[in-house]
Amino acid sequence: MAIMVENNGRLFNLHTKDCTYQMYADEYGVLLHTYYGKKIDGENLADLIFQADVGFSGNPEETVGNREYSLDCLPQELPSDGVGDYRESCIALLHGDGSIAADFRFESYKIFPSSYTVEGMPALYDKEDEKGETLVITMREKASKVTVRLFYGVFEKENVITRAVRVENRGESEVVLTKCLSGCLDYQFGEYDLITFAGRHAMERIPERNRIRRTKLEVGSLRGTSSHQYNPSMIVCTPDATEDFGECYGLCLVYSGNFTACAQKDQRGQTRVLMGIHSEKFSFCLRTGEYFAAPQLIMSYSDSGLSKLSQQYHKILREHMCRGAYQYRKRPVLLNNWEATYFNFNKEKLISLAEQAAKLGIEMLVLDDGWFGKRDDDNSGLGDWHVNEKKLGGSLKELGDRIHDLGMKFGLWFEPEMISEDSDLYRAHPDWALRIPGREPNRGRNQLVLDMSRNDVREYLFERLADILEHAPIDYVKWDMNRSICDIYSHQYAGSQNGEVYHRFVLGVYDLLERFLQRFPDILLEGCSGGGGRFDAAMLYYSPQIWCSDNTDAVNRLEIQYGTSFFYPVSSMGAHVSAVPNHQTGRVTPFRTRGHVALSGSFGYELDLNKMSEEEKAIVKEQIEDFHKYYSLTHEGTYYRLTPPGERFCAWEFVDEEKDHALQTLVMTSAEGNPLPVHTIVKGLSPDKYYCCSVNGQVHSGRTWMGAGLTLRMVPKEYESILIEWNVVEKGLGRKPI
Ligand code: GLA
């Protein structure tokens, strides 16, 4: 049993393989957070909480005269609001009389021998042979009849504990939920750093590390999507934490909309960390009997550094979040026509690309933006999901059949959540767009956003998508979303419900995605939002791969894919080889390097194959061979970051489960005359096995390789890269092939 309950049903220990999470409902019903860290035996640790008479930190009425008990100082699971904890709260309620108070106390608990679901939203699910356990704690608001159910899920092997919150109004009158975060972590003692992932379009998820002090650290999104600018994931770690050392706590929100993630020390040096839906521009009316479900928060703990933490996330997301036909099935090597042609294509061009691709071993052609409605640039046509047969020189089915005849799969781009003002859809249904009556809307990429909270909008989109997919042989869909959301006003949820629209939009997107997957279970879905603007755990529930960034520059990709790897598996990162000079940066890098970087992702090409030299075509064939040879390592292996980008070279490694094979990619990011040697480290081998290294043929034990590392005989030139294998050597020094 991972969940242990003692002390008359008031002490809760959640044990995973290496960690323990403990809570205690004290005599006043306050649910104290008493421990989270290395695995312990689970004795009640409430005694470790230091209590003192702290000036200006008041006391709840039940403590009668005990000035040492203050909500303002206690570590808690569901910090209250407006009733004496002056720190950041988890939940806030606006009552009918205008008062703002939320004071939740323990009522009861239940345990379930399986994982829980979250209404309308993705959540980690059970596998046949690997089930989580769930603890549900019911808390009741002291004065109103609002209840909160706190969900705790335990995945033992992965050291994962999840949280989710469900608020229900069991009272007679309406209340407004003005804040409902998914989780809080209170640390009584210790110094911590916070690692967040910040960026911008075409430069996503660059790690930033700051010491948590009394000045609040906060990141988040108010763009309606999880955003390029900040990712809904963060790490709290001890200041000495490195890839291999130190305590690390990951927090990853399963949500694709507005979020907040913050950390701050209080007056007594205690650290509070919170994550959930952003409370700005959020409110939810709860009439009698109505409820609100907050998204799941996936927490994981590592007692030995960041690499282990990342590996735990990779495993849990790959095995318990990604779903569908392509969760484990080999992904096809694709050619996307976007950077090859942009909007400027016709049937002949597409077929010549496909023919060339087929000759080189590429397995799928993806037709990107521009195949529907009036869409020869990005100013019109969104919403008109009708095939432009004139541009395609025939039906989509004919084109798809031609591509299938070449032995290739066929993929198609959509951007369902958007509407152009210059579209038949907008002319027919201007009220379907999010815009505030009487105000000119903000235009992003010259387009508006559909009101996905509305059923009729989703019905229309589903009918259009289904019609197209049923009448053409489509194997893959790229689901794009190309602007941030503002001008929030929904004709369906106007007035007092306006604060619900951002969240209802996200629920609407999930609803449409779910219907789509139920109807087309064999289609491979790739998520996208101007590259990686919606790269989050929730989207992985629908699309096992997400276009990582619109930036295809191999050197910038080192940073982007490095940052992405802290939470998300390599198998989820769409990565393509593109032309040089690179369209985003103008940089020229070797063709091989572009391949090596893209191989650490969902691999493909995005360039005009007809403009390639014979030498480049030969390299494409080599790369595709490498793709097949290393597929199980890159997509299922254990991933290690070896160096951060910004050093002389950037290196990372994959090791298979049996620890028989390791693959290291090393990219030289700067060069000097009279170069100093390149010495790289090796991780994850079995100390007692012997391995032969592909670059020098040397055989050493895993212990020696991991202790001494490898010096390259030749220093690669700037931007050159190298793949290095370590293969286990069986008796007689025979090499075991990958
Ligand atoms: C976004 C995507 C690109 C491409 C274009 C098409 O920017 O990230 O890959 O699909 O849209 O308009």
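Residues numbered from 1 in each chain as written. Predicted model: local features only at pLDDT ≥ 70, side-chain atom pairs only at ≥ 80, totals over all residues. Heavy atoms only, no water.

Undergrad: Help me understand the overall build of the protein in this model?
TA: Along its length, the protein carries 12 helices and 38 strands. Buried positions account for 63% of the 738 residues belonging to the protein. Across the protein, every contact between residues at least 6 apart in sequence was considered, and the portion connecting residues at least 24 apart equals 68%. Positive and negative side-chain charges of the protein, numbering 82 and 106 respectively, have mean locations separated by a distance of 2 Å. (Helix = DSSP H or I, 4+ residues; strand = E, 2+ residues; numbered from the N terminus. Buried < 20%, exposed > 50% of the residue type's maximum accessible area, 1.4 Å probe, protein only. Contact = heavy atoms within 4.5 Å. Lys, Arg positive; Asp, Glu negative; His and termini not counted. Charge placed at Lys NZ, Arg CZ, Asp CG, Glu CD.)

Undergrad: Got a minute to help me understand helix H11 (residues 614-636) in this structure?
TA: At 3.6 residues per turn, the α-helix brings residues three or four places apart onto the same side. When the terminal C-alpha atoms of H11 are compared, their 33 Å separation across 23 residues agrees well with the 33 Å that a helix rising 1.5 Å per residue should span. Those residues of H11 that fall on the buried side of the exposure criterion are Lys 617, Ile 619, Val 620, Gln 623, Ile 624, Asp 626, Phe 627, Tyr 630, Tyr 631, Leu 633, Thr 634 and His 635. (Expected span 1.5 Å × (residues − 1).)

Undergrad: Any chance you could explain the pairing of strand E3 (residues 19-25) here in plain terms?
TA: The side chains of a regular strand alternate between the sheet's two faces. For E3, the buried fraction is high: 7 of the 7 residues fall into the buried class. Burial of E3 is two-sided: the residues Cys 19, Tyr 21, Met 23 and Ala 25 facing one way and the residues Thr 20, Gln 22 and Tyr 24 facing the other way are all buried. Direction of pairing for strand E2 (residues 11-15) relative to E3: antiparallel, over a ladder of 5 bridges. Across the sheet, residue His 15 finds its bridge partner in E3, namely Thr 20. From the end of E2 to the start of E3, which pair antiparallel, there are 3 residues. Looking at chain direction, E3 and strand E4 (residues 31-38) are connected through 7 bridges and run antiparallel. Its bridge partner lying in E4, Gln 22 is registered against Tyr 35. Linkage of E3 to E4, two consecutive antiparallel strands, is achieved through a turn of 5 residues, within which Gly 29 is found at a positive phi near 80 degrees. (Pairing = 2+ DSSP bridges.)

Undergrad: Please explain a nonpolar patch on the surface as it appears in this structure.
TA: Where nonpolar side chains cluster on the molecular surface, the patch consists of Met 1, Met 4, Tyr 109 and Ile 111 and spans about 380 Å² of accessible area. Secondary-structure assignment places Ile 111 in strand E6 (residues 104-112). (Patch = residues over 30% accessible without salt bridge, like charges linked within 9 Å, V, L, I, M, F, W, Y side chains within 5 Å. Areas by Shrake-Rupley, 256 points an atom, 1.4 Å probe, with all protein chains shown as cover. Salt bridge = Lys/Arg side-chain N within 4 Å of Asp/Glu carboxyl O.)

Undergrad: What's the story with the sheet that holds E2 in this structure? I'm lost.
TA: Within a sheet, each strand pairs with its neighbour through backbone hydrogen bonds, oriented either parallel or antiparallel. In spatial order, the strands read E1-E2-E3-E4; together these 4 strands make up an open sheet with antiparallel pairing. Two strands in the sheet have a free side with no partner beyond their single neighbour: strand E1 (3-6) and E4. Taken over all neighbouring pairs, the strand axes of this sheet differ in orientation by 15 degrees on average, direction set aside. (Axes fitted to C-alpha atoms, helices over the stretch in contact; angles between N-to-C directions.)

Undergrad: Looking at this structure, I do not really get unusual backbone geometry. What am I missing?
TA: Peptide bonds are trans in most cases, and residues, glycine excluded, mostly fall at negative phi. Following Val 580, the chain continues into Pro 581 via a peptide bond in cis, with omega recorded as -10 degrees. Along the chain, the position of Pro 581 falls in the loop between strand E28 (573-578) and helix H10 (591-599). Even without being a glycine, Phe 56 presents a positive backbone phi close to 70 degrees. Among the structural elements, Phe 56 can be located in the loop between E4 and strand E5 (91-94). Phe 56 sits in the exposed class, given a relative accessible area of 86%. One non-glycine residue, Arg 205, lies in the positive phi region at around 55 degrees. Tracing the sequence through the fold places Arg 205 in strand E12 (residues 203-211).

Undergrad: Any chance you could explain the sheet that holds strand E19 (residues 291-302) here in plain terms?
TA: Pairing is antiparallel in the open sheet, where 9 strands are placed in the order E6-E7-E8-E9-E19-E15-E14-E11-E12. Each edge of the open sheet is held by one strand with a lone partner, namely E6 and E12. Averaged over all neighbouring strand pairs, the angle between strand axes comes to 20 degrees, with direction disregarded. Two elements, strand E7 (residues 133-141) and strand E8 (residues 146-155), share 8 bridges in a ladder whose sense is antiparallel. Bridge pairing in E8 places Thr 134 opposite Gly 153. Packing of helix H1 (residues 306-320) onto the sheet brings it into contact with E8, strand E9 (160-169), strand E11 (193-200), E12, strand E14 (233-237), strand E15 (248-253) and E19, and relative to E19 it is tilted by some 135 degrees.

Undergrad: Please explain the packing of helix H7 (residues 455-470) against helix H8 (residues 501-519) as it appears in this structure.
TA: A pair of packed helices is captured by two measures, namely the crossing angle of their axes and the spacing between those axes. At a minimum axis separation of 11 Å, H7 and H8 run at an interaxial angle of 30 degrees. The angle between the axes of H7 and H8 places the two elements in the roughly parallel class. Read as a crossing pair, H7 and H8 show a hand that is right-handed. Where H7 abuts H8, its residues Arg 458, Glu 459, Leu 461, Phe 462, Leu 465, Ala 466, Leu 469 and Glu 470 lie against Gly 508, Asp 511, Leu 512, Arg 515, Phe 516 and Arg 519. Residues belonging to the contact of H7 with H8 are distributed by class as follows: 7 nonpolar, 1 polar and 6 charged. (Parallel < 35°, antiparallel > 145°, perpendicular 65-115°, else oblique. Left-handed = near helix turned anticlockwise from the far one by under 90°. Nonpolar A, V, L, I, M, F, W, Y, C, P; charged D, E, K, R; others polar.)

Undergrad: Honestly, the site of the ligand in this entry has me stumped. Any pointers?
TA: Around the ligand, a shell composed of 13 residues is seen, among which Asp 368, Asp 369, Arg 445, Lys 478 and Asp 550 lie nearest. The separation between an oxygen atom of the ligand and a polar side-chain atom of Asp 369 is 2.6 Å. The contact in question runs from an oxygen atom of the ligand to an N or O atom on the side chain of Lys 478, over 2.7 Å. When the ligand is considered free in solution it has 300 Å² of accessible area, and contact with the protein chains removes 96% of it. Across the shell around the ligand, the residue classes break down as 4 nonpolar, 3 polar and 6 charged. (Near = heavy atom within 4 Å. Polar contact = N/O pair within 3.5 Å; in protein donor to acceptor, adjacent residues only side chain to side chain.)

Undergrad: Help me understand the domain arrangement of the protein, please; the structure alone is not making it clear to me.
TA: A common way to report how large an interface is uses the accessible area buried once the components associate. For the protein, the assigned domains read domain 1 (3-320), domain 2 (326-347 + 362-522) and domain 3 (641-729). Spacing between the C-alpha centres of domain 1 and domain 2 amounts to 36 Å. With 24 residues of domain 1 at the interface, the matching set in domain 2 holds 15 residues. Taken together, the two surfaces of domain 1 and domain 2 that pack against each other cover about 1600 Å², and 55% of this comes from carbon and sulfur. Along the contact surface separating domain 1 from domain 2 lie 0 salt bridges. On inspection of domain 1 and its partner domain 2, the count reaches 9 residue pairs in polar contact (both at pLDDT 80 or more). Listed by contribution, the elements that provide at least two residues to the side of domain 1 that touches domain 2 are strand E18 (284-286), E19 and H1. Considering only residue class, the side of domain 1 that touches domain 2 consists of 12 nonpolar, 7 polar and 5 charged. (Domains from an automatic or database assignment. Buried area = accessible area lost by both parts, 1.4 Å probe.)

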